[in-house]
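# Structural overview
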Amino acid sequence: MSRMAILIAETEGFYSNYFAHGYNIAGKDKIMGRIIAIANQKGGVGKTTTAINLSACLVEKGKKVLTIDMDPQGNTTSGFGLEKTELKKTVYELMLGECTIRESMVQTEIDNLLLIPSNVNLAGAEIELLDMDDKEYILKNEVDYIKEDFEFIIIDCPPSLNMLTINAMTTADTILVPIQCEYYALEGLSQLIHTINLVQTRLNPNLQMEGVVFTMYDARTNLSLQVVEDVKNNLNTNIYKTIIPRNIRLAEAPSHGLPINLYDAKSAGAESYRLLANEVIEREEK
Ligand SMILES: Nc1ncnc2c1ncn2[C@@H]1O[C@H](COP(=O)(O)OP(=O)(O)OP(=O)(O)O)[C@@H](O)[C@H]1O
Ligand SMILES: [Mg+2]
């Protein structure tokens, strides 16, 4: 079968699957969606928590969302309740051309939310990608096939500025940078901005800053407030009005395999990610 024939066959499988789920999308209803990569090479700042919960809250607002886990740690994958070791097709197989993008997508427990999962195999991909042509564009070339099926594609990046992150940045329309409200928050930020600028000039001229979102804000400390003020004074970029508080329910939810709006719908964490989703949608409408 030719590549085209395979694609058509898969597309039909994909859409019949969609209709089986009661979704109202068809090939002719193309959506001009937005692809947001969540990046910060600093570890533990809330990238994954934001990827999972922003995705789920966008779906709660009626949007069709694909989440892509680009981190070998696979925390987004397990956070949606998938068993990482049981996955046959992941972003690793996708990046190496061993499956198509539609084959790599799994339906999460949530209607209208699909996931391209990841596990530790992806850690080896970096080296395997080095010899490939267009290695910076492997994800982008695949996402191009399906991007019109979703209103938002959210990509969770690993905590480094490696080839996986570069692939996320060439695929993305915008970069959302979570900043943890703690003392070293600004450390590494200039390097991140520099990388984003490099990608913009050399690889993806359409790339824009989505903005900064503050995470793990603790209203009881002056430090949190100080970090917010520092970033506002030093960074010339969009800053989301919504600030994500430190909230224990957000930390608990992944161990139950649920996003916060399903784990504890009334928690401060759920409320804050709903507000963030609203703001992200409003920015789209502007
Ligand atoms: N707002 C919050 N309130 C409480 N705990 C949080 C919050 N956001 C994240 N956490 C917890 O902090 C830890 C780090 O968060 P997360 O995994 O989202 O960061 P990350 O940037 O994706 O990390 P990595 O760089 O390792 O990928 C996790 O244990 C998470 O549950
Ligand atoms: Mg993470």
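Along each chain, residues carry numbers from 1 onward, in the same order as the chain's sequence is written. Chains carry letters from A onward and ligands carry numbers from 1 onward, assigned in written order. At least 70 in pLDDT is required for a residue's local features to be given in this predicted model, at least 80 for side-chain atom pairs to be given and counted, and no such filter applies to totals for whole chains, interfaces and linings, which use all residues.

### Some words on the overall build of the protein chain
When helices and strands are counted, the protein chain shows 13 helices and seven strands. The burial criterion counts other C-beta atoms lying within 10 Å of a residue's C-beta, which is placed from the backbone; the residue is buried at 20 or more, exposed at 12 or fewer, and partly exposed between these limits. By the burial criterion, 44% of the 286 residues in the protein chain qualify as buried. Considering only residue pairs separated by 6 or more positions, the protein chain has 77% of its internal contacts joining residues 24 or more positions apart. Here a strand is any run of E in DSSP of at least two residues, a helix any run of H or I of at least four, and the numbering for each starts at the N terminus. What counts as a contact is two residues whose backbone-derived C-beta atoms lie within 7 Å of each other.

### Quick notes on the site of ligand 1
If you check the shell around ligand 1, you find 18 residues, and the closest are Gly43, Lys47, Thr48, Thr49 and Pro159. Counting residues per element, the ones that place at least two in the shell around ligand 1 are helix 2 (47-60) and helix 11 (248-252). Per-element accounting of the shell around ligand 1 gives the leading share, three residues, to helix 2. Any residue that is not Ala, Val, Leu, Ile, Met, Phe, Trp, Tyr, Cys, Pro, Asp, Glu, Lys or Arg is counted as polar, Gly included; the first ten are nonpolar and the last four charged. Partitioning the shell around ligand 1 into residue classes produces six nonpolar, nine polar and three charged. Here, nearness is defined through the C-beta atom: a residue counts as near a molecule or strand if that backbone-placed atom lies within 6 Å of it.

### So, unusual backbone geometry
Of note in the backbone geometry, asparagine 112 takes a positive phi value of approximately 70 degrees without being a glycine. Inspection of the secondary structure assignment puts asparagine 112 in the loop between strand 3 (106-107) and strand 4 (113-116). Residue classification places asparagine 112 among the buried positions, given that 21 C-beta atoms sit within 10 Å. Positive phi is not limited to glycine here, since methionine 216 has a value of about 55 degrees. With respect to the helices and strands, the residue methionine 216 is situated in the loop between strand 7 (208-215) and helix 10 (222-234). Judged by local crowding, methionine 216 falls into the buried class, with 23 C-beta atoms found within 10 Å.

### Considering helix 8 (residues 163-171)
Side chains of residues three or four places apart in an α-helix project in the same direction, reflecting 3.6 residues per turn. The buried count for helix 8 comes to eight of nine residues, which makes it a mostly enclosed element. Those residues of helix 8 not exposed but buried are Leu164, Thr165, Ile166, Asn167, Ala168, Met169, Thr170 and Thr171. For helix 8, the elements touching its buried residues are strand 1 (34-38), helix 6 (125-129), helix 7 (138-143), strand 5 (152-156), strand 6 (174-180) and helix 9 (189-202).

### What to know about the pairing of strand 6
Burial analysis of strand 6 places six of its seven residues in the buried class, which makes it a mostly covered element. Crossover connection from strand 6 via helix 9 to parallel strand 7: handedness right-handed. With the strands pointing away from the viewer, any crossover whose connection runs clockwise from the first strand over the helix to the second is right-handed.

### Looking at the nonpolar core
Here a nonpolar core is just a set of buried residues of the types Ala, Val, Leu, Ile, Met, Phe, Trp, Tyr and Cys, joined wherever their C-beta atoms sit within 7 Å. Judged by nonpolar contacts, the single largest core of 70 residues is most densely connected at Ala37, Ile155 and Ala168. The greatest single-element share of this core, amounting to seven residues, is contributed by helix 2. Among all residues touching alanine 168, those that are not within four sequence positions of it are Ala37, Ala39, Met70, Leu139, Ile155 and Cys157.

### Quick look at the sheet that holds strand 5
The sheet built from seven strands is open, its strands ordered 3-4-2-5-1-6-7 with mixed pairing. With one partner strand each, in any of the chains shown, strand 3 and strand 7 form the two edges of the open sheet. Where strand 2 (residues 65-69) and strand 4 come together, four bridges link them in parallel fashion. Bridging across to strand 4, isoleucine 68 finds its partner in isoleucine 116. Note on geometry: axes are C-alpha line fits, over the in-contact stretch for helices, and angles between N-to-C directions span 0 to 180 degrees. On top of the sheet, helix 8 reaches strand 1, strand 5 and strand 6; it is set at about 155 degrees to strand 1, its chief contact. If DSSP finds at least two bridges between two strands, the strands pair.

### Overview of the environment of isoleucine 38
On the secondary structure map, isoleucine 38 appears in strand 1. Taking the C-alpha atoms as reference, isoleucine 38 lies 5.9 Å from valine 177; in sequence the two are 139 residues apart. If we ignore the near neighbours within four places in the chain, the residues touching isoleucine 38 are Lys47, Thr50, Ala51, Ile154, Ile155, Asp156, Cys157, Leu176 and Pro178.

### Remarks on the confidence of the model for the protein chain
Where the model shows low pLDDT, its predicted coordinates should not be examined in detail. Overall, the prediction assigns the protein chain a mean pLDDT of 88, with 88% of residues at 70 or greater. Confidence per residue, as judged by the predictor, is encoded in pLDDT with a range of 0 to 100. This stretch, residues 1-28, has a pLDDT under 50; its non-local contacts, to residues over four places away or in other chains, come to 13 contacts.

### Comments concerning helix 2
Each residue after the first adds 1.5 Å to the expected span of a helix. The terminal C-alpha atoms of helix 2, which comprises 14 residues, lie 20 Å apart, in line with the 20 Å expected from a rise of 1.5 Å per residue. With 14 of 14 residues buried, helix 2 is to be regarded as a mostly interior element. Looking at the residues trailing helix 2, positive phi occurs at glycine 62, about 95 degrees.

### Some points on the environment of asparagine 234
Structurally, asparagine 234 is set in helix 10. Using a count of 10 C-beta atoms within 10 Å as the deciding quantity, one classes asparagine 234 as exposed. Separated by 48 residues in the primary sequence, asparagine 234 and leucine 186 have C-alpha atoms spaced 9.1 Å apart.

### Remarks on the pairing of strand 7
As paired elements, strand 6 and strand 7 share seven bridges and run parallel to each other. Note on strand 7: the bridge partner recorded for isoleucine 179 is phenylalanine 214.

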